[in-house]
Amino acid sequence: MSEATTPHRRGIAEILGIPRPLFFGFVGLLLFMVGDGVEAGYLDTFMLHHGHTQGDVNLLFTTYGITVMISAWFAGPMSDLYGPKKVMWIGLVLWAILEVGFLALGLGPNNFILALTFYTLRGFAYPLFAYGFLVWIAAATPSSMLGSAAGWFWFSFSAGLPTLGSQFARYAIPQIGELATFWCSLGLVIIGGLVALLFTHEPTGSKRLLPDHVDTKDIFFGSISIMWREPKTVIAGIVRVIDTSSEYAFLAIMPAFFIDHLHFTQGQWLNLLSLIFLSNILFNLVSGMIADTLGHRFVVAVFGGIGGFIAIPLFYYVPVWYPGSFLMAAIVGIFYGATVAAFVPLSGLMPQICPKEKAAALSILGLGAGASTWVGPAIVGICQSWFGFGLQGVIWAFAIIYLLSAGMTMALKISPEARRYNEELLAKGEAVTAVGH
C-alpha cells in the first residue's frame with residue numbers, strides 16, 4: 001500500500017480539531033496571552049487611582065490600539081516574507097523589552113509620558129506573535145480542519161486575554177501587590193513564547209511562504225490592494241472591527257462603572273470579566289461548529305450582530321436594575337461574551353471568499369482585529385467629548401453599530417468562481433488555507 005493510501009491514525013489533538021504538528025503552538029499562545037491579559041482587568045483603575053484622568057486612560061488605550069492595528073496587518077505580509085516563526089520571535093522579543101520599559105520607567109515611577117510611549121510601542125509586539133501564528137495555522141492546516149483550527153486559535157487567544165490573565169491578577173494582587181503582578185506578566189509571556197517557538201517543529205512556519213521570485217513590495221502591496229480588488233474584504237474587515245470594539249471599550253470604561261458606581265469589589269469585577277471571556281472562549285468553538293451547519297454568514301449576522309444589539313444594552317441595564325446582584329450581572333455578561341464569539345466564523349469565511357490570496361485576506365481580518373483595540377476606546381471618546389453622551393449613550397451607540405454589522409455580513413457571499421476554486425482545492429486534497437499562489 002502506498003504512502004498516499006495508508007490510513008492516517010488520528011490522535012486526540014486531531015480528533016479535537018487541533019493540528020497535531022502545531023499543538024505546542026496553541027499551548028504557547030495560551031500562556032503568552034495569559035501574560036498579555038494580566039493587566040486587562042485593572043490597568044485602567046490602577047492609573048485612575050494613581051492620579052491620572054479617564055482621558056489619560058482613553059488616550060493610552062487608543063494609541064496602543066493603533067499600533068496593534070498596524071502590527072496585526074503587518075503580521076500577514078511579514079509571515080509571507082520571512083516565515084511565521086521568525087515573525088513570532090520578533091513579537092516575543094519586542095514584547096519583553098518594551099514591557100520592561102513600560103514598568104520600570106513608566107508605571108513604576110508614575111511617569112505618564114513614558115508609560116504612554118512604551119505601552120504604545122508594545123502594541124506592535126503581541127500581534128506579530130499571535131497573528132503570525134494564525135498565518136502559520138493557515139499555511140499548514142488541512143481544509144478539513146479549517147474551522148476547528150480557527151476556533152482553537154481564538155479559544156487560546158481569548159482564554160488568555162483576558163480570562164485567565166484576569167484570574168491570575170485576582171489572586172496575585174492580594175499577595176504581591178498590583179505593580180509586582182504586572183511584572184509577573186512578563187514571565188508568563190516569555191514562558192509561553194518559548195514553549196510555542198522551541199517545541200513547535202512544523203516545517204512550513206520556518207520558511208518564507210511565498211516563492212522567492214515574488215518581490216517584497218508586491219507582498220506588502222498585495223495585502224493592501226486586495227481591498228479594492230475584492231471589496232468584500234473591506235466589508236469583512238469592518239465587521240471584524242465591530243466584533244471586539246465593544247470589548248476593548250468596556251475594558252476602558254466598565255471597571256469604573258462596576259467598581260465605583262455599582263460598588264462591586266475589584267475581585268467581583270475580575271470574576272465577572274473572567275466569566276464573560278470564559279463564555280467567549282467556549283462559544284468560539286461552538287460558533288464554528290454551528291456555522292458548519294447553518295452557514296458562516298448566518299451565524300455572524302444573527303448571533304453576532306443582532307445578538308450584540310440585544311446583549312450590549314442588557315449588560316448595562318440589568319446590573320442597574322438588580323443592584324449588587326453578581327448573579328444577574330454574570331448572566332448578561334455570559335450572554336454578551338457569547339455574541340462576541342459568534343463572529344469567529346469570519347476566519348473561516350474569508351479564505352473561501354478569496355481562495356487565491358488567503359494570506360492577504362487574513363491580513364485584512366488581522367487589520368480589523370487590531371483596529372478594534374483603538375476604535376472601541378475612540379468611539380467612547382467621541383461619544384463623550386463630541387456629543388456629550390454619558391455611559392448610557394455610549395452603550396446604545398455600540399448596540400446600533402452591532403445591528404449595522406448584521407446587514408453588512410449578509411453581503412459576504414462566496415462568488416461562484418471562488419466556490420469552484422475551493423471545490424477544486426478540496427478535490428486535490430490541498431489546504432483551503434494554503435498561503436499564496
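Residues numbered from 1 in each chain as written. Predicted model: local features only at pLDDT ≥ 70, side-chain atom pairs only at ≥ 80, totals over all residues. Heavy atoms only, no water.

Caption draft 1: Expanded view of the overall build of the protein. Assigned secondary structure in the protein consists of 18 helices and 0 strands. The C-alpha atoms of the protein give 21 Å as radius of gyration, which agrees with the globular expectation for 437 residues (22 Å, within 12%). Dimensions of the protein, computed from the C-alpha atoms along their principal axes, are close to 70 × 45 × 40 Å. Relative to its 437 residues, the protein shows a buried fraction of 59%. Taking contacts inside the protein between residues at least 6 apart in sequence as the whole, the part at least 24 apart equals 84%. Looking at the protein as shown, the accessible area adds up to about 17,300 Å², and 70% of this sits on carbon and sulfur atoms. Positive and negative charge centroids in the protein, built from 20 and 23 side chains respectively, lie 8 Å apart. (Helix = DSSP H or I, 4+ residues; strand = E, 2+ residues; numbered from the N terminus. Rg over C-alpha atoms; globule rule 2.2 N^0.38 Å. Buried < 20%, exposed > 50% of the residue type's maximum accessible area, 1.4 Å probe, protein only. Contact = heavy atoms within 4.5 Å. Areas by Shrake-Rupley, 256 points an atom, 1.4 Å probe, with all protein chains shown as cover. Lys, Arg positive; Asp, Glu negative; His and termini not counted. Charge placed at Lys NZ, Arg CZ, Asp CG, Glu CD.)

Caption draft 2: Expanded view of unusual backbone geometry. Of note in the backbone geometry, N110 takes a positive phi value of approximately 60 degrees without being a glycine. A positive phi angle, near 65 degrees, is found at H263, a position not held by glycine. Within the secondary structure, H263 is located in the loop between helix 11 (232-261) and helix 12 (266-294).

Caption draft 3: Seen up close, the packing of helix 11 against helix 13 (residues 296-321). Packing of helix 11 against helix 13 brings their axes to within 12 Å, and their N-to-C directions diverge by 10 degrees. On the basis of the axis angle, helix 11 is roughly parallel to helix 13. Counting all contacts with helix 11, which are made through V239, S246, F250, M254, F257 and F258, the residues of helix 13 involved are V300, I312, F315, Y316, P319 and V320. A class-by-class count of the residues in the contact of helix 11 with helix 13 yields 11 nonpolar, 1 polar and no charged. (Axes fitted to C-alpha atoms, helices over the stretch in contact; angles between N-to-C directions. Parallel < 35°, antiparallel > 145°, perpendicular 65-115°, else oblique. Nonpolar A, V, L, I, M, F, W, Y, C, P; charged D, E, K, R; others polar.)

Caption draft 4: A look at the packing of helix 4 (residues 54-82) against helix 7 (residues 125-140). The interhelical angle for the contact between helix 4 and helix 7, taken along N-to-C directions, is 35 degrees, at an axis separation of 8 Å. Between helix 4 and helix 7 lies a crossing of right-handed hand. Here Y64, V68, S71, A72, A75, G76, M78 and S79 of helix 4 come into contact with helix 7, specifically with Y126, P127, L128, Y131, G132 and V135. Here the residues of the contact of helix 4 with helix 7 are counted per class, giving 10 nonpolar, 4 polar and no charged. (Left-handed = near helix turned anticlockwise from the far one by under 90°.)

Caption draft 5: Representation of the packing of aromatic side chains in the model. All told, the structure shown has 36 aromatic pairs when counted by the stated rule. Ring pairs connect the aromatic residues F250, F257, F258, F264, W269, F315, Y316, Y317, W321, Y336, W396 and F398, which therefore count as one cluster. (Phe/Tyr/Trp six-rings, centres within 6.5 Å; stacked < 30°, edge-to-face > 60°.)

Caption draft 6: Looking closely at the environment of G25. In this structure, G25 sits in helix 2 (residues 23-37). Note on G25: relative accessible area 2%, which makes it buried. Residues G25 and V195 lie 170 residues apart in sequence; the distance between their C-alpha atoms is 7.3 Å. What G25 contacts, discounting residues up to four positions off in sequence, is F133, A196 and T200.

Caption draft 7: Highlighting the environment of L365. Among the secondary structure elements, L365 is positioned in helix 16 (residues 358-385). Sequence separation of L365 and L94 is 271 residues, and the distance between their C-alpha atoms is 23 Å. Each residue touching L365, except ones within four places of it in the same chain, is listed here: A236, R240, L346, S347 and M350.

Caption draft 8: Just helix 2, in detail. Compared with the 21 Å implied by 1.5 Å per residue over 15 residues, the 21 Å span of helix 2 between its first and last C-alpha is a close match. Those residues of helix 2 not exposed but buried are G25, F26, G28, L29, F32, M33, V34, G35, D36 and G37. (Expected span 1.5 Å × (residues − 1).)

Caption draft 9: Expanded view of the nonpolar core. Among the nonpolar cores identified, the biggest contains 133 residues, and Y126, Y131, F153 and F258 are the most heavily contacted of them. Considering each element in turn, this core owes the most residues, 14 residues, to helix 11. Ignoring any residue separated from it by four or fewer positions in sequence, one finds Y131 in contact with A72, A75, Y126, F153, W154, F157 and A369. (Core = buried A, V, L, I, M, F, W, Y, C linked by side-chain atoms within 4.5 Å.)

Caption draft 10: Structural detail: the pattern of salt bridges. Scanning all chains against the criterion turns up 4 salt bridges. The salt bridge partner of R122 is E99, with a shortest N-O separation of 2.6 Å. Within this pair, whereas R122 is found in helix 6 (residues 112-122), its partner E99 is found in helix 5 (residues 84-107), the two being separated by 23 residues in sequence. By relative accessible area, R122 is classed as buried at 0%. Sharing partners across several salt bridges, the network here consists of D36, E39, E99 and R122. (Salt bridge = Lys/Arg side-chain N within 4 Å of Asp/Glu carboxyl O.)

Caption draft 11: Focus on helix 10 (residues 216-229). Taking 1.5 Å per residue as the helical rise, helix 10 with its 14 residues ought to reach 20 Å, and the 19 Å between its terminal C-alpha atoms agrees with that figure. At S223, helix 10 is deflected by roughly 40 degrees, the largest bend along its length. In this fold, the buried residues of helix 10 make contact with helix 4, helix 11 and helix 16. (Bend = angle between axes of the 7 residues up to and from the residue.)

Just distances and angles here, no functional claims.
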